[in-house]
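Notes for the structure review
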Amino acid sequence: MTEVHRPYVADKPAQRETNEQLRARIPGWGVDLDPQDRPGYPREQPGIETGAHWELPERQEETYPRERSIEHGMLPPVFGTVAPLHGVSGAIKRYAYARYSEGRLAHWLLLIVGDRVEAFGAHVRSFATLHPDLPVKVGAVVAAEVHGEGLRSRFGQRRSDVKHQWLDPVVVLAPWVVSGWVGYRLTKAVLGRR
Amino acid sequence: MQAMVYRGPFKIRVEEKDVPRIEHPNDAIIRVALAAICGSDLHLYHGMMPDTRIGTTFGHEFIGVVHEVGSSVQHLKVGDRVMVPFNVYCGSCYFCARGLYSNCHNVNPNATAVGGIYGYSHTTGGYDGGQAEYVRVPFADVGPTIIPDWMADEDAVLLTDAVATGYFGAELGGIREGDTVVVFGAGPVGLVAARSAWLMGAGRVIVVDHLDYRLEKAREFAYAETLNFTQVDDVVVFMKQTTDYLGADVAIDAVGAEADGDLVQTLTSSKLKMQGGSPTALNWAIDSVRKGGTVGVAGAYGPVFSAVKFGDAMNKGLTLRMNQTPVKREWPRLFEHVRNGYLVPHEIVTHRVPLSEIPEAYHLFSAKLDNCIKVLVEPAAA
């Protein structure tokens, strides 16, 4: 006779363990069974006490033109001021913020392009300092691999990510290799004209 | 002061930075006592979050001591030991006034689709984070809470995100008595979500991951059944078989943007940044849950689209519930659970490093070496 599985009939599956067994085995089982005991319920709680003693917060001083999403009706009263926009990457990002809403793919892609342009500039400038950005932070990686037993942690385990972890160095190094090649070709072209 | 500083994808270092200053009357400056690295910090580290600027300090899980307060601060004073929710929020906008603290409209000029988060790119407001000796904390009268005398520092720092988010993930599942709950991800959030599912009356809890050492922790910490997804041909078929072909009542995505298990999804998201995140865990959740069931999403995704199996979700009549966690709203109940021993956050901590060693710690955590689950960071000024 064909075995009939659960969803083909109306009954709910029997619980594997009774509530009493679960309560005995798991400290606190069921203490938040009632949704009223869960702090996220209901999702919206008008009138909740937050500690705010203002209707609209006082406005933080805008010490430089602060970029904002065009979905905002005004500059919000408080904002972060770390790493203001600058240079070419800043121009790209300002355009992304000024032109495209958060609903447009172009908004985010331009921000990501701006990120990579900024990183490239920062790496180049770092070579004029005592702390150059190397393609790989060799000391930290070696230390982590040695202390963390990189080989034992990765191999002989049933891990899915070892299939693609080898791509990480490629992702990190590829822009350096491409930049180096472009730089080499440009230099050669300029010198070749003389 | 010393601070962790982002220098581009896969590149961070410890640098000297200026101690942050009061920029708004309700700001406080906190001297960080203990911080943590979150799994979502790895999305930044891997260059997945748009507008992550060079020079930014990460870290949205931290506790510390009040070092300075602005002129309008009433509820905190210098010297108070405080825990700070990962949300930057005003407490008074349309959303905060209804308890949706993670959706605050007054703190993030860069985007309206997300509130403010410490050290989490300009897409969440452009604030520096707590993997540093000092950090600026806006709306000091709203977010921070004085750490109860009885609470251990390790428990307090984990309550600022990981524990609150794990519990919130289980809440999103709308768990009812006797439900079968499957949790994707055995990181800190997944472990707490699984443990919390029992508190909400689950009848069966199954945790899915590909790291055996984390699944072992899921069995110990969360009393859960476990599945290493590399050991089955098809996760969804396994889930159907183990539930007598019904499917789980509730599935929780506690992984987010860098979910493993589908090479195409991983390549197009983590590696090539063509998606806001790899929705492998979310798609497994959608396909593993029973028709009419609920999927709770606690994992974080970027703002660009992701290839989610929406047709299956629609055709199955699923309820999808998600949000960034409104942390402080969760705290009173979670404090009770920690005090009663129902949640023991510090059991998930595997590493504790000085701030000066944070580049190594990021690599260790990212590559999942040395059975790493949760890394705490101690600044020198602590």
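Residues numbered from 1 in each chain as written. Chains lettered and ligands numbered in written order. Predicted model: local features only at pLDDT ≥ 70, side-chain atom pairs only at ≥ 80, totals over all residues. Heavy atoms only, no water.

Digging into the interface of chain A and chain B
The interface is formed by 102 residues belonging to chain A together with 107 residues belonging to chain B. Buried surface at the junction of chain A and chain B, both sides included, amounts to about 8,700 Å², of which 53% is carbon and sulfur. In this structure, the connection of chain A to chain B is made through 9 salt bridges. A salt bridge links R16(A) to E225(B), with the nearest nitrogen and oxygen atoms 3.8 Å apart. Where chain A packs against chain B, one counts 75 residue pairs in polar contact (both at pLDDT 80 or more). Among the secondary structure elements, those contributing two or more residues to the side of chain A that touches chain B are α1 (19–25), α2 (87–99), α3 (105–126), α4 (138–147), α5 (150–154) and α6 (167–193) of chain A. A per-element tally of the side of chain A that touches chain B places α3(A) first, with 11 residues. For the side of chain A that touches chain B, a count of residues per class yields 44 nonpolar, 26 polar and 32 charged. (Contact = heavy atoms within 4.5 Å. Buried area = accessible area lost by both parts, 1.4 Å probe. Salt bridge = Lys/Arg side-chain N within 4 Å of Asp/Glu carboxyl O. Polar contact = N/O pair within 3.5 Å; in protein donor to acceptor, adjacent residues only side chain to side chain. Helix = DSSP H or I, 4+ residues; strand = E, 2+ residues; numbered from the N terminus. Nonpolar A, V, L, I, M, F, W, Y, C, P; charged D, E, K, R; others polar.)

Quick look at unusual backbone geometry
In the segment running from Y41(A) into P42(A), the intervening peptide bond is cis, with an omega of -15°. In this structure, F10(B) takes a positive phi of about 65° despite not being glycine. Following the sequence through the fold, F10(B) ends up in the loop between β1 (2–8) and β2 (11–16). A positive phi angle is found at Y245(B), which is not glycine, with a value near 70°. Locating Y245(B) in the fold gives a position in the loop between α6 (235–242) and β13 (248–253). Judged by its relative accessible area of 35%, Y245(B) falls in the partly exposed class. (Buried < 20%, exposed > 50% of the residue type's maximum accessible area, 1.4 Å probe, protein only.)

Details of the domain arrangement of chain B
Residues and elements named next belong to chain B. Taken as a whole, chain B is organised into domain 1 (2–161 + 326–378) and domain 2 (166–322). When each unit is reduced to the centre of its C-alpha atoms, the spacing between domain 1 and domain 2 is 25 Å. Counting residues at the interface gives 24 residues for domain 1 and 24 residues for domain 2. Three residues stand out in domain 1 for area buried against domain 2, namely M48, I348 and I373, and they jointly supply 28% of the buried area on that side. At the surface where domain 1 touches domain 2, the tally comes to 0 salt bridges. In this structure, the connection of domain 1 to domain 2 is made through 7 residue pairs in polar contact (both at pLDDT 80 or more). Among the elements of the structure, α1 (41–45) and α10 (327–339) are those that each provide at least two residues to the side of domain 1 that touches domain 2. (Domains from an automatic or database assignment.)

Quick notes on the pairing of strand β14 (residues 289–297) of chain B
Successive residues of a regular strand alternate their side chains across the two faces of the sheet. Residue and element names in this part refer to chain B. Most of β14 is tucked away, with 7 of its 9 residues classed as buried. Sheet analysis places β13 next to β14, joined by 5 bridges and oriented parallel. Residue pairing across strands places D253 opposite V297, the latter belonging to β14. Pairing of β14 with strand β15 (residues 319–322), which is carried by 4 bridges, proceeds in the parallel orientation. Each residue of the ladder has a partner; that of T294, found in β15, is T319. As for the winding sense of the linkage, the β-α-β connection from β14 through helix α9 (residues 310–315) to β15 is right-handed. (Pairing = 2+ DSSP bridges. Right-handed = clockwise from strand over helix to strand, strands pointing away.)

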